[in-house]
Amino acid sequence: MPRRSKGQHFLLSAAARTLSVAAVLRMTDREAETVFAAIRWADGDSHPVCPHCGCSRCYDCRRPNGAPRWRCKACRHDFSLTSGTLFACHKLPLRVYLAAIVIFVNEVKGKCALALSRDLGVQYKTAFVLAHKFREAMVSESKGIRLGGAGRSVEVDGAYFGGHVRPENRKADRVDRRLAENRTGKRQCVVVARERILDGTSVGRTIATVFKNEDAALDFIQARVDRASTVHADEAGAWNALHARFDPRRVNHSVEYASDDACTNQAESFFSRIRRAEIGHHHHISGPDLSRYAQGAAWREDHRRDSNGMQFRATVSLVAANRPSVDFCGYWQRRRAA
């Protein structure tokens, strides 16, 4: 693996660049199929496994037009390379989907659907659904995990996103948006729980989700953070209830950013990146989609020290491991709400 010089940012080093979009687009259809199969069925040395019954006794019955198909000897079902995955029933060439994943993971703070649609030459709504399927796959990696443990620290914090209203031109016409009667109701609180960096090379896990306010996140924190953890939080009154279950450390941000005992800088760092993604890439992330954007940003945080080739392989593996999307299968045709 290429080494980076001392003091050089990881993303500027050659170690961060192990795969390019051009390399994927130069693949033939057979090569793209081979790459996807090698990642999907990595445990079986790329040998196909039936998605219906899990049997590995399958034989090739490729269609006359060259489309790859296999038939299971146990249940007699025919299946394709993408059957039972988030790419099931895909219409674009598989090579285009692999290129979309590379483009998606290459963006450090997120990829907007409009830019993705231009890169792939597809409609905006095609890119929108595709990007959300990628985020759905990324979210599945953190399902059921618990953060912290004995001797470990977890930082907890909340920040509000979405529902921005441009202030009136004249100061006399402006209203105080902090008052309940002047709020739009679209602004939601993203709550993050993030493990401290364990050493100089590894990073802790990050989980994020959306609530109406910080008070509503207490059950979530209790369920996802180990009770033996040391929890770091700011002076917000919503975190007072943490004292009943954890050994908390509190820092008063009106006095200092961090103290010798408490610090939430890792959680604040997550919010700074998702804030830049909101302002510079997505612009509008309120409503039901905010949770997916936050969870996708959490996945990027956890893998920010991985090369783009490793991120590509991890994303393809998650796409292959997940069943067809419930929220975005027929999203535009049936007007489903994600």
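By the naming in an unreviewed UniProt entry, the chain goes by IS1595 family transposase and is assigned to Defluviicoccus vanus.

(A) Main features of the packing of aromatic side chains. Taken as a whole and assessed by the stated rule, the structure comprises 11 aromatic pairs. Between Tyr124 and Phe128, the aromatic rings sit 6.1 Å apart at their centres with planes inclined by 35°, giving tilted as the arrangement. Of this pair, Tyr124 and Phe128 both sit in helix α5 (residues 124-140), 4 residues apart, roughly one helical turn. Take Tyr124: its relative accessible area is 44%, and that puts it in the partly exposed class. Residue Phe128 is classed as buried on the basis of its relative accessible area of 10%. Ring pairing ties together the aromatic residues Phe36, Phe87, Tyr97, Phe104 and Phe134, which thus form one cluster. One residue, Arg275, lies across the ring of Phe161, its end atom 4.0 Å from the ring centre. Its end group placed over the ring of Phe104, Arg300 keeps NZ or CZ at 4.7 Å from the ring centre.

(B) Quick peek at the domain arrangement of the chain. When its domains are assigned, the chain resolves into domain 1 (19-143 + 325-331) and domain 2 (153-302). The gap between the C-alpha centroids of domain 1 and domain 2 is 33 Å. At the interface, 19 residues of domain 1 touch 14 residues of domain 2. Both faces considered, domain 1 and domain 2 share a buried interface measuring about 1,700 Å² in area, 55% of it formed by carbon and sulfur atoms. Per-residue buried area on domain 1 facing domain 2 is highest for Lys109, Arg135 and Met138; these three make up 35% of the total on that side. Counting across the domain 1 and domain 2 interface gives 2 salt bridges.

(C) Representation of the sheet that holds strand β6 (residues 206-211). Strand order in the open sheet made by the 5 strands is β6-β5-β4-β7-β8, with mixed pairing throughout. The open sheet is flanked by β6 and β8 (247-251), the only strands paired with a single partner. Pairs of neighbouring strands in the sheet enclose a mean axial angle of 25°, with direction left out of account. Sheet topology places strand β7 (residues 230-234) next to β8; 5 bridges connect them, and they run parallel.

(D) Structural view of the side chain of Thr85. Secondary-structure assignment places Thr85 in the loop between β3 (78-79) and α3 (94-106). For Thr85, a relative accessible area of 0% puts it in the buried group. Among the polar contacts listed, one links the side chain of Thr85 to the backbone oxygen of Thr82, at a separation of 2.7 Å.

(E) Molecular detail of unusual backbone geometry. The residue Cys89 is not glycine, and still its phi comes out positive at about 60°. Within the fold, Cys89 resides in the loop between β3 and α3.

(F) Looking closely at the sheet that holds strand β1 (residues 58-60). Strand order in this open sheet of 3 strands is β1-β2-β3, and the pairing throughout is antiparallel. The open sheet terminates on both sides in strands that have one partner only, identified here as β1 and β3. Bridging between β1 and strand β2 (residues 70-72) involves 3 bridges; their strand directions are antiparallel. For Asp60, the partnering residue across the bridge sits in β2 and is Trp70.

(G) Seen up close, the environment of Ala99. Residue placement: Ala99 occurs in helix α3. Look at Ala99 and you get buried, because its relative accessible area is 2%. In this structure, the C-alpha to C-alpha distance between Ala99 and Phe312, residues 213 residues apart in sequence, is 9.5 Å. Those residues in contact with Ala99 that lie beyond four places of it in its chain are Val21, Val24 and Leu25.

Rules used throughout
Residues numbered from 1 in each chain as written. Predicted model: local features only at pLDDT ≥ 70, side-chain atom pairs only at ≥ 80, totals over all residues. Heavy atoms only, no water. Phe/Tyr/Trp six-rings, centres within 6.5 Å; stacked < 30°, edge-to-face > 60°. Helix = DSSP H or I, 4+ residues; strand = E, 2+ residues; numbered from the N terminus. Buried < 20%, exposed > 50% of the residue type's maximum accessible area, 1.4 Å probe, protein only. Lys NZ or Arg CZ within 6 Å of the ring centre and 35° of its normal. Domains from an automatic or database assignment. Contact = heavy atoms within 4.5 Å. Buried area = accessible area lost by both parts, 1.4 Å probe. Salt bridge = Lys/Arg side-chain N within 4 Å of Asp/Glu carboxyl O. Pairing = 2+ DSSP bridges. Axes fitted to C-alpha atoms, helices over the stretch in contact; angles between N-to-C directions. Polar contact = N/O pair within 3.5 Å; in protein donor to acceptor, adjacent residues only side chain to side chain.

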